[in-house]
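One-letter residues, chain by chain:
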Amino acid sequence: MSEAAKNLTPVTLELGGKCPAILDSLSWSWDKEVAINRIIGAKYGSCAGQACLSIDYLLVEKPFSSTVVELMKAMIKKMYGDKPRESHSISRIINKHHFLRLKDLLTDQKVKDCIVYGGSMDEDSLFIEPTILVDPPLESAMMTEEIFGPLLPIITLDKIEDSIDFINSRPKPLALYAFTKNEVLKERLVSETSSGSVVFNDAIIQYAGDTLPFGGIGESGMGKYHGKFSFDAFTHYKAVVRRSLLTDFWFRFPPWNNYKLELLENTYNYDYFGLLLVILGLKSYFSIKCVSRGVSDDQDIVNACSIIYQDLENSE
């Protein structure tokens, strides 16, 4: 962006960030299994979490957290076996630098105490086991930096609606995921939070839709792309206006007076009725009569016109 600024070149930036997922206390066992399956797949299946759209942390209600952990353990074993290190279905960390960065996140003693599953590492093969943590300290690097790896913190809340305040207290994410059947909560998440995208009951799939704009907001980026949005992002639309020389609005030119200004105002607002009243010299009379008759904007203007027309006839 700084390089582009030297030439005043516009840019589109996708900056990633910590993407939260909200898991509501779903009542049906099928719903729970499908949700957990999609969460695990999105977290560990997308290059072991090394993706900008990967789920960074999970928000659940306290009473539901133990159920979530047990379902996740079972699903991880189903996907990657009892020995994930021998599985060919999970990625290694991209390089040693990032392996050590993730190792530092995980070996923080306060964070380490929160591990409820996984946590093993092999520096030689750059392997980190799918790991689940419950309530790591919110001030720890685990919860302030983008993880970008196979570590999934679960943050417990008193009620799932508290997730809105939690998300809003942190930098704006590239994506927000919510697994819920609560329509009111869905509406609140759309209207009361800010993120690059919102996905209900799945994760990462928005990236595959080339008819959807992709991009961040605030700390997670600026601008949108994908499909035609990419074309629009890097296209300058030049306005071209053509007019005839045969007609003109004479009242657009000085000298100014109230009559011209009223004509301009009504023309600009496409108020054709008001324009007609000004031309006929009835604008002030009409306004006074409407007020005296108690006519508001919400009432039928046709009735008001009828009343005033009758008054004019009677005055004649």
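Residues numbered from 1 in each chain as written. Predicted model: local features only at pLDDT ≥ 70, side-chain atom pairs only at ≥ 80, totals over all residues. Heavy atoms only, no water.

- The name given to the protein in an unreviewed UniProt entry is Aldehyde dehydrogenase domain-containing protein, with the source organism recorded as Gossypium aridum.
- Under Sequence similarities (unreviewed entry), UniProt gives the following word-for-word description of the protein: "Belongs to the aldehyde dehydrogenase family." (UniProt positions renumbered as here; feature names shortened; annotations may be inferred.)

1. Points about the overall build of the protein
Alright, step 1. When helices and strands are counted, the protein shows 13 helices and 11 strands.
Alright, step 2. Contacts spanning at least 24 positions in sequence make up 58% of the contacts within the protein whose residues lie at least 6 apart. (Helix = DSSP H or I, 4+ residues; strand = E, 2+ residues; numbered from the N terminus. Contact = heavy atoms within 4.5 Å.)

2. Some thoughts on the packing of helix H10 (residues 258–268) against helix H11 (residues 272–280)
Each packed pair of helices is defined by two parameters, the angle between the axes and the distance between the axes.
Alright, step 1. For the pair H10 and H11, the least separation of the axes is 8 Å and the interaxial angle reads 165°. Considering their axes alone, H10 and H11 lie roughly antiparallel with respect to each other. Crossing geometry of H10 relative to H11 is assigned as left-handed. Contacts from Tyr 259, Glu 262, Leu 263, Asn 266 and Thr 267 of H10 reach H11 at Gly 274, Leu 275, Val 278 and Ile 279.
Alright, step 2. Among the residues forming the contact of H10 with H11, the class breakdown is five nonpolar, three polar and one charged. (Axes fitted to C-alpha atoms, helices over the stretch in contact; angles between N-to-C directions. Parallel < 35°, antiparallel > 145°, perpendicular 65-115°, else oblique. Left-handed = near helix turned anticlockwise from the far one by under 90°. Nonpolar A, V, L, I, M, F, W, Y, C, P; charged D, E, K, R; others polar.)

3. Brief notes about the pattern of salt bridges
Alright, step 1. Enumeration according to the criterion identifies 13 salt bridges in this entry.
Alright, step 2. A salt bridge links Lys 62 to Asp 158, with the nearest nitrogen and oxygen atoms 3.2 Å apart. In this pair, Lys 62 sits in helix H3 (residues 62–80) while Asp 158 sits in the loop between strand S8 (151–157) and helix H7 (162–168), placing the two residues 96 residues apart along the sequence.
Alright, step 3. According to the relative accessible area criterion, Asp 158 is exposed, its value standing at 62%.
Alright, step 4. By sharing partners, the salt bridges in this structure join Lys 96, Lys 103 and Glu 123 into a single network. (Salt bridge = Lys/Arg side-chain N within 4 Å of Asp/Glu carboxyl O. Buried < 20%, exposed > 50% of the residue type's maximum accessible area, 1.4 Å probe, protein only.)

4. A word on the sheet that holds strand S3 (residues 55–61)
Alright, step 1. Strand order in this open sheet of seven strands is S4-S7-S8-S3-S2-S9-S10, and the pairing throughout is mixed. The sheet terminates laterally at strand S4 (115–117) and strand S10 (198–200), the two strands that pair on one side only. In this sheet, adjacent strand axes meet at a mean angle of 25° when their direction is disregarded.
Alright, step 2. Contacts from H3 reach strand S2 (19–23), S3, S4, strand S7 (131–134) and S8, with the element oriented near 135° to S3. (Pairing = 2+ DSSP bridges.)

5. Describing the packing of aromatic side chains
Alright, step 1. One pass over the structure, following the stated rule, counts six aromatic pairs.
Alright, step 2. For the ring pair Phe 249 and Phe 251, a centre distance of 5.8 Å and an interplane angle of 50° mean the geometry is tilted.
Alright, step 3. Aromatic pair Trp 250 and Phe 251: ring centres 5.5 Å apart, planes at 85°, arrangement edge-to-face.
Alright, step 4. Among the aromatic side chains, those forming a connected cluster through ring pairs are Phe 249, Trp 250, Phe 251 and Tyr 259.
Alright, step 5. Here the basic side chain of Lys 181 rests over the ring of Trp 28, its NZ or CZ set 4.9 Å away from the ring centre.
Alright, step 6. Sitting above the plane of the Phe 200 ring, Lys 186 keeps its charged end 5.7 Å from the centroid. (Phe/Tyr/Trp six-rings, centres within 6.5 Å; stacked < 30°, edge-to-face > 60°. Lys NZ or Arg CZ within 6 Å of the ring centre and 35° of its normal.)

6. Examining helix H2 (residues 29–44)
Alright, step 1. With 16 residues, H2 ought to run about 22 Å at 1.5 Å a step, and its terminal C-alpha atoms sit 22 Å apart, in line with that.
Alright, step 2. Among all positions of H2, only Asp 31, Ala 35, Ile 36, Ile 39, Ile 40, Ala 42, Lys 43 and Tyr 44 are buried. The arc enclosing the buried residues of H2, seen along the axis, measures out at 170°, which places them on a common side.
Alright, step 3. In this fold, the buried residues of H2 make contact with S2, S3, H3, S7, S8 and strand S9 (176–179). (Expected span 1.5 Å × (residues − 1). Arc of directions from axis to C-beta.)

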